[in-house]
Amino acid sequence: TNAASSSFDYVVVGGGTAGLVVASRLTEDPSISVLVLEAGHSDSIDFNVTVPGLDLTVTGGSIVDWNYTTAPQQFLLNRTIAYPRGFVLGGSSSTNFMAYTRGAAAGYDAWAKLGNPGWDWKGVFPYFKKSTHFTPPFKNQSEVVFDITAYENPTGGPLELSYGGYIEPISIYFSQGLANTSGPNLQEGEINDGFPIGQAYLPLTVDPTHMTRSSSSASFLAVAAQRKNLQVITSALATRLLFAPTTPANPTPVVTGVEYSDVNGKLQQATATREVVLSAGTFGSPQLLMVSGIGPKKDLTAQNIPIRVQNEAVGQNMWDHLFFGPIYEVTDNITTFNQFNANQTLFLKYLMQWRNNQGELSGAISSMSAYERIPSDVLANIPGGDQLEALDPTWPHIQLEVIAGGGPPTPQPGNFVAPAAVLLYPFSKGFVSLTSNSTKDKVIVQPNWLSSETDRQAAIWAFKQVREVMLSETLAPIVIREAFPGLQAQSDADILTAIQTVAHPIYQASGTCAMRQLSDEGVVDPTLKVYGVKNLRVVDASIMPIIPSANTMAPTYMIAEKGADLIKADQQNNSTSTTTSS
Ligand SMILES: Cc1cc2nc3c(=O)[nH]c(=O)nc-3n(C[C@H](O)[C@H](O)[C@H](O)COP(=O)(O)OP(=O)(O)OC[C@H]3O[C@@H](n4cnc5c(N)ncnc54)[C@H](O)[C@@H]3O)c2cc1C
């Protein structure tokens, strides 16, 4: 990992979920050289990255995390909230909860309608399949319903999908409750076929051979690591983009490489003879654009950054999914991470089981999800509800799931689970902005959660759904009591306060470099090229123009696969990379 050569065809900034896919696909051609600059550590630094059931230990507060904190959230009682992002090879795919979900086909059709030909469901479905190798449920996982045609891939991608080695008992109860309770009444079916309404146990990015996490590093980088045309440098923080001098005859800025700070804090330069690909994620990619002079006038001038390309949309339009719900105390036969966190003997027992491909640590903290619409008669009484009603009928509004662990905001003894709802199409939008002219300082993360009245009303409705399931007959044998907020909280106002007390992200931030028309707050065009400059693309979750009705890892892998093909297509056309408009 030492910088032998400083000139490459491509320099990829960020060895995360998307970046390692792009690097791996581009280096399939031995004549193409690629450098990956990753600010974080090698993923071998923390053993817990490998163990699926220890996912919570590698998120916030760990050495493999950036440890962002949001700005105070006005509509969440002014709380500041931890916002994890992977600081490690594999990026957030090395630290996330591994749920593999694609969302509604209609969501991608809506991307295409914004002026992005080829990004409709028909265009993206093959790229979803391309990344993955799917292992069907094991014999003892008979509760799992799936449709193999959603995954069939003749060549097989390097990313492993399986149902892990353990399905949380609380997920099984919650699933049955969702099906039996008259409100949700959601039946099991495949959710990754573009039609997610219903419920399913989720495929996880877990390699079933040894029940290890299949991150972009363990999959895509592992395949490419031995190639001589690929170089990966860790502890390499990109500090700015490098440009060729502009002249009156050639006024469009041309990106020529990347400046980065190496493991010793020394500034280095890497040249990209073809293109620089930004895959630094929803917070990192807009930051690097802005410190390099591409962004909103106000933010750049406030930090004394000379403006190269003024684009007011950079860092804006941040979409995110908010997660909230009541907390229940359950009987001890319901396994939770609270139990093994508090009991070293139990933890060691689970670790032994994991080595035999079984037990609590071979699954994730959440094993299933349900997707539903808010009924029309309810939406008719919500301000702005007509906009949710107007989404294609196959596009869900709410996701429901249950975390095997957690606890009330004021800690109490007991065994708890956290069932929750997620707003899949929020109207509250946020942004990231600079605190300095350096990537050594973190951006301000301002999600503005629940700033929309539509979102608040939708959240109250969704909270009641969760409660109805948890208090239903199906769950009665295991639910001891509602520990938070407690059954005295019945009015909409009480429920909203409860939501504001506990709501937090599930870390699906997207949209800060949106793939839209330039006149429609776009940062990149449909080939992911940054407007107004040459030889620069963004390929990661930040380009999503509308957040998918799903968790964002699978869509990010899809974007990276398609992005790599778009880059390859330009090589074949033998054309230099140019923006379609500026
Ligand atoms: C705790 C957590 C749980 C989640 N759970 C799920 C889940 O269960 N299912 C799901 O679908 N999604 C989940 N997500 C979301 C999903 O993981 C992300 O949407 C996705 O991984 C984003 O991929 P990315 O490539 O855009 O960014 P990342 O994977 O975060 O990669 C960005 C990379 O760029 C690097 N970088 C940033 N700035 C610089 C710089 N200046 N120089 C060099 N390198 C830089 C970072 O260190 C990082 O490695 C979760 C996310 C988190 C954090």
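Calculation rules
Residues numbered from 1 in each chain as written. Predicted model: local features only at pLDDT ≥ 70, side-chain atom pairs only at ≥ 80, totals over all residues. UniProt positions renumbered as here; feature names shortened; annotations may be inferred. Helix = DSSP H or I, 4+ residues; strand = E, 2+ residues; numbered from the N terminus. Buried ≥ 20, exposed ≤ 12 C-beta atoms within 10 Å, placed from the backbone. Contact = placed C-beta atoms within 7 Å. Arc of directions from axis to C-beta. pLDDT = per-residue confidence, 0-100. Near = placed C-beta within 6 Å. Nonpolar A, V, L, I, M, F, W, Y, C, P; charged D, E, K, R; others polar. Domains from an automatic or database assignment. Pairing = 2+ DSSP bridges. Core = buried A, V, L, I, M, F, W, Y, C linked by C-beta atoms within 7 Å.

- Naming follows an unreviewed UniProt entry, where the chain appears as pyranose dehydrogenase (acceptor) of Agrocybe pediades.
- Quoted verbatim from the Subunit (unreviewed entry) heading of the UniProt record, the comment on the chain is "Monomer."
- The UniProt entry for the chain carries the following comment under Subcellular location (unreviewed entry): "Secreted".

Thoughts on the overall build of the chain
Phase 1 of the analysis: On a plain count of helices and strands, the chain comes out with 14 helices and 25 strands.
Phase 2 of the analysis: For the C-alpha atoms alone, the extent of the chain along its principal axes is close to 75 × 55 × 40 Å.
Phase 3 of the analysis: Buried residues in the chain amount to 56% of all 582 residues.
Phase 4 of the analysis: Long-range contacts, defined as pairs at least 24 residues apart, comprise 74% of the intrachain contacts of the chain with a sequence gap of at least 6.

Things to note about the UniProt feature "binding site: FAD" (unreviewed entry) in the chain
Phase 1 of the analysis: In the numbering adopted here, UniProt assigns the feature "binding site: FAD" (unreviewed entry) to Val88.
Phase 2 of the analysis: As for its position among the elements, Val88 is in the loop between strand E4 (82-83) and helix H2 (105-113).
Phase 3 of the analysis: C-beta crowding within 10 Å serves as the criterion here: with 31 such atoms nearby, Val88 is assigned to the buried category.
Phase 4 of the analysis: Look past the residues within four positions of Val88 in its chain and what remains in contact with it is Gly40, His41, Asp43, Val49, Val64, Ser94 and Thr95.

Comments concerning helix H13 (residues 492-502)
Phase 1 of the analysis: Along H13, the residues classified as buried are Ile495, Ala498, Ile499 and Val502. The arc enclosing the buried residues of H13, seen along the axis, measures out at 100 degrees, which places them on a common side.

Some remarks on the confidence of the model for the chain
Phase 1 of the analysis: Mean pLDDT over the chain: 96, with 98% of residues reaching 70 or higher.
Phase 2 of the analysis: Low pLDDT, under 50, characterises residues 575-582; the predicted model gives this stretch 20 contacts beyond four residues in sequence or across chains.
Phase 3 of the analysis: Scoring the predicted complex yields pTM 0.97 and, for the interface, ipTM 1.00.

Things to note about the site of the ligand
Phase 1 of the analysis: The local shell around the ligand holds 43 residues, among which Gly14, Gly16, Gly91, Gly284 and Asn551 are the closest.
Phase 2 of the analysis: Among the elements of the structure, helix H1 (17-26), strand E11 (237-243), helix H6 (281-291) and helix H14 (553-572) are those that each provide at least two residues to the shell around the ligand.
Phase 3 of the analysis: Looking at which element gives the most residues to the shell around the ligand, the answer is H6, with 4 residues.
Phase 4 of the analysis: By residue class, the composition of the shell around the ligand is 17 nonpolar, 23 polar and 3 charged.

A few points about the domain arrangement of the chain
Phase 1 of the analysis: Along its sequence, the chain is organised into domain 1 (1-160 + 205-320 + 430-449 + 508-582) and domain 2 (164-201 + 322-423 + 453-502).
Phase 2 of the analysis: Computed over C-alpha atoms only, the centres of domain 1 and domain 2 are separated by 29 Å.
Phase 3 of the analysis: Counting residues at the interface gives 35 residues for domain 1, matched by 34 residues for domain 2.
Phase 4 of the analysis: Mapped onto the side of domain 1 that touches domain 2, the elements with two or more residues apiece are H2 and helix H3 (121-131).
Phase 5 of the analysis: At 3 residues, the largest contribution of residues to the side of domain 1 that touches domain 2 is made by H2.
Phase 6 of the analysis: Residues belonging to the side of domain 1 that touches domain 2 are distributed by class as follows: 23 nonpolar, 7 polar and 5 charged.

A short note on the pairing of strand E20 (residues 416-423)
Phase 1 of the analysis: Most of E20 is tucked away: 8 of the 8 residues are buried.
Phase 2 of the analysis: The alternating pattern of E20 places Phe416, Ala418, Ala420 and Val422 on one face and Val417, Pro419, Ala421 and Leu423 on the opposite face, and all of these are buried.
Phase 3 of the analysis: Where strand E16 (residues 322-324) and E20 come together, 2 bridges link them in antiparallel fashion. Looking across to E20, one finds that Phe323 is bridged to Val422.
Phase 4 of the analysis: Pairing between strand E17 (residues 327-330) and E20: 2 bridges, direction antiparallel. Note on E20: the bridge partner recorded for Tyr328 is Val417.
Phase 5 of the analysis: Bridge analysis of strand E19 (residues 398-403) against E20 gives 6 bridges, and the strand direction is antiparallel. Each residue of the ladder has a partner; that of Gln399, found in E20, is Val422.

Section: the UniProt feature "domain: Glucose-methanol-choline oxidoreductase N-terminal" (unreviewed entry) in the chain
Phase 1 of the analysis: Per the UniProt record, "domain: Glucose-methanol-choline oxidoreductase N-terminal" (unreviewed entry) is annotated on residues 281-295.
Phase 2 of the analysis: Counted over residues 281-295, helix gives 73% and strand 13%. Its end C-alpha atoms are 16 Å apart.

Some details on the nonpolar core
Phase 1 of the analysis: Val11, Val13, Val22, Leu37, Val276, Phe324 and Val417 are the most contacted members of the largest nonpolar core, which totals 176 residues.
Phase 2 of the analysis: For Phe324, the residues in contact, after removing those within four places along its chain, are Ala420, Ala421, Ala459, Phe463, Ile499, Val502 and Ala503.

Here's the deal with unusual backbone geometry
Phase 1 of the analysis: Look at the link from Phe484 to Pro485: it is a cis peptide, with omega at -10 degrees.
Phase 2 of the analysis: Within the secondary structure, Pro485 is located in the loop between strand E23 (479-484) and H13.
Phase 3 of the analysis: The backbone of Asn67 sits at a positive phi, close to 55 degrees, despite the residue not being glycine.
Phase 4 of the analysis: Of note, Asn67 is situated in the loop between strand E2 (34-37) and strand E3 (68-69).
Phase 5 of the analysis: Phi is positive for Leu528, close to 70 degrees, though the residue is something other than glycine.
Phase 6 of the analysis: For Leu528, the position within the fold is in the loop between strand E24 (504-505) and strand E25 (536-538).
Phase 7 of the analysis: Look at Leu528 and you get buried, because 24 C-beta atoms sit within 10 Å.

Things to note about the pairing of strand E18 (residues 368-372)
Phase 1 of the analysis: Counting buried residues in E18 gives 5 out of 5 residues, a clear majority hidden from the surface.
Phase 2 of the analysis: Alternating residues of E18 divide into Met368, Ala370 and Glu372 and Ser369 and Tyr371, and every residue in both groups is buried.
Phase 3 of the analysis: As paired elements, strand E7 (residues 198-201) and E18 share 4 bridges and run antiparallel to each other. Note that in E18 the partner of Gly198 across the bridge is Tyr371.
Phase 4 of the analysis: When E18 meets E19, the two strands line up antiparallel, connected through 3 bridges. Following the sheet pairing, Ala370 is matched in E19 by Leu400.

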